[in-house]
Amino acid sequence: MLKRVFDLCCSLVGLILLLPVFLGISIWVKLDSSGSVFFKQIRVGRYGRDFVIYKFRTMIVDAEKVGLKVTVGKDPRITTPGSFIRRNKLDELPQLLNVLLGDMSLVGPRPEVPEFMCQYSADIRDKILSVRPGITDLASIEYTNEAEILAAAVDPKTAYINEVMPSKARYYLEYVENHSLILDIIIIFKTLKKIIF
């Protein structure tokens, strides 16, 4: 209950304070290319319930129809503003709406698309999905260069499933077993430090 109150207060204040940033990014994305300002995608949430995640669109329209569901290196589908937005993690800001709606938390395991979530064994999947997915977590801090890692792989999709996902799962399970409001605050500050430096 305390975690949910914390999420609600922070997401509401964040949305209000960041309104000028939202407007600026929206205008930049819209002026650069046609299509929606937001990228919407189905992700797997708490207890296995699907939800729609919101991000600022950083790729061409219908990018998933012409490429993978993971970003690899200097992906040609990324737009000019998209490169800056992704590098500074600004594409994740609309997920404050997901937090407000109750689909996500500020901190928790990153939500996967159904195609990748089903790659986990049932017991690991159930543990990960026992908490709300988050905007940030320890795995996100560790894998800020995920696109570069996958770019070095012969088969990026296979590398993501066999190498990246198991490593992320260890962070997810550690969080599920030890999560607390204090830990959430620590992870939020670590995330901000990582982005700034």
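Describing the packing of aromatic side chains
Two aromatic rings, taken as a pair, are described by how far apart their centres are and by the angle between their planes.
1) Next: Following the criterion strictly, the structure yields four aromatic pairs and no others.
2) Next: Their ring planes at 55° and their centres at 5.7 Å tell us that Trp28 and Phe84 sit as a pair that is tilted. Of the two residues, Trp28 is situated in helix H2 (residues 19–32) and Phe84 in helix H3 (residues 80–87); the sequence distance between them amounts to 56 residues.
3) Next: Taking 5.5 Å as the distance between ring centres and 15° as the angle between the ring planes, the aromatic pair formed by Phe38 and Phe56 counts as stacked. Here Phe56 lies in strand S2 (residues 50–56) and Phe38 lies in strand S1 (residues 38–44), a separation of 18 residues in the sequence.
4) Next: Looking at Phe38, the relative accessible area reads 29%, which means it is partly exposed.
5) Next: By way of ring pairs, the aromatic residues Phe22, Phe38 and Phe56 are connected into one cluster.

Here we look at the confidence of the model for the protein
It should be kept in mind that the predicted coordinates are not to be read in detail where pLDDT is low.
1) Next: Scored by pLDDT, the protein comes out at a mean of 91, with 97% of its residues at no less than 70.
2) Next: Looking across the protein, the model is least confident in helix H8 (residues 146–151), with a mean pLDDT of 74, and most confident in strand S3 (residues 105–107), with 98.

A short note on the packing of helix H1 (residues 2–17) against helix H10 (residues 181–196)
1) Next: It is at 10 Å that the axes of H1 and H10 come closest, and there the two elements cross at 35°. For the pair formed by H1 and H10, the contact residues are Leu2, Lys3 and Phe6 on the first element and Leu181, Asp184, Ile185 and Ile188 on the second.
2) Next: When the residues that make up the contact of H1 with H10 are grouped by side-chain class, the tally is five nonpolar, no polar and two charged.

Parameters and conventions
- Residues numbered from 1 in each chain as written.
- Predicted model: local features only at pLDDT ≥ 70, side-chain atom pairs only at ≥ 80, totals over all residues.
- Heavy atoms only, no water.
- Phe/Tyr/Trp six-rings, centres within 6.5 Å; stacked < 30°, edge-to-face > 60°.
- Helix = DSSP H or I, 4+ residues; strand = E, 2+ residues; numbered from the N terminus.
- Buried < 20%, exposed > 50% of the residue type's maximum accessible area, 1.4 Å probe, protein only.
- pLDDT = per-residue confidence, 0-100.
- Axes fitted to C-alpha atoms, helices over the stretch in contact; angles between N-to-C directions.
- Contact = heavy atoms within 4.5 Å.
- Nonpolar A, V, L, I, M, F, W, Y, C, P; charged D, E, K, R; others polar.

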